[in-house]
Amino acid sequence: MTLSILDKLNEWIEPFKAWIIKNHGNPFMWLGFIILGLVVFATTFSALHRNGD
């Protein structure tokens, strides 16, 4: 069961991994990843500190 889940996950990740390798020099991609990371961080931080105002 676990092995089949990992195999399916690897199957889904391979096209994304190939796309990242193909576009590793694109600064807009990296800027987008940084902005997405900051949005996820801000959302998580806000949710965890909601009662601490």
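Now for a description of the structure that goes with this document. The model shown is predicted, which means the values in this text are computed figures rather than measured ones.

## Let's talk about the pattern of salt bridges
Tallying each qualifying case throughout the model produces one salt bridge. The salt bridge involving Glu11 is made with Lys8; its shortest N-O contact spans 3.7 Å. Of this pair, Glu11 and Lys8 both sit in helix H1 (residues 2-22), three residues apart, which is roughly one turn of the helix.

## Side note on a nonpolar patch on the surface
Where nonpolar side chains cluster on the molecular surface, the patch consists of Leu6, Leu9, Trp12 and Ile13 and spans about 410 Å² of accessible area. Classification of Trp12 by relative accessible area gives exposed; the value is 59%.

## Digging into helix H2 (residues 27-48)
Between the first and last C-alpha of H2 there are 31 Å, a value that for 22 residues agrees with the 32 Å anticipated at 1.5 Å per step. Here H2 starts with a cap whose side-chain oxygen sits 3.0 Å from the backbone nitrogen of Phe28, and that cap is Asn26.

## Describing the packing of aromatic side chains
Inspection of every chain in the model, using the stated rule, returns four aromatic pairs. Where Trp30 meets Phe33, the ring centres are 5.6 Å apart and the plane angle is 75°; that geometry is what we call edge-to-face. Of this pair, Trp30 and Phe33 both sit in helix H2, three residues apart, roughly one helical turn. For Phe33, a relative accessible area of 31% gives the class partly exposed. Within the aromatic cluster, the residues linked to one another by ring pairs are Phe16, Trp19, Trp30 and Phe33.

What counts and what doesn't
Residues numbered from 1 in each chain as written. Predicted model: local features only at pLDDT ≥ 70, side-chain atom pairs only at ≥ 80, totals over all residues. Heavy atoms only, no water. Salt bridge = Lys/Arg side-chain N within 4 Å of Asp/Glu carboxyl O. Helix = DSSP H or I, 4+ residues; strand = E, 2+ residues; numbered from the N terminus. Patch = residues over 30% accessible without salt bridge, like charges linked within 9 Å, V, L, I, M, F, W, Y side chains within 5 Å. Areas by Shrake-Rupley, 256 points an atom, 1.4 Å probe, with all protein chains shown as cover. Buried < 20%, exposed > 50% of the residue type's maximum accessible area, 1.4 Å probe, protein only. Expected span 1.5 Å × (residues − 1). Polar contact = N/O pair within 3.5 Å; in protein donor to acceptor, adjacent residues only side chain to side chain. Phe/Tyr/Trp six-rings, centres within 6.5 Å; stacked < 30°, edge-to-face > 60°.

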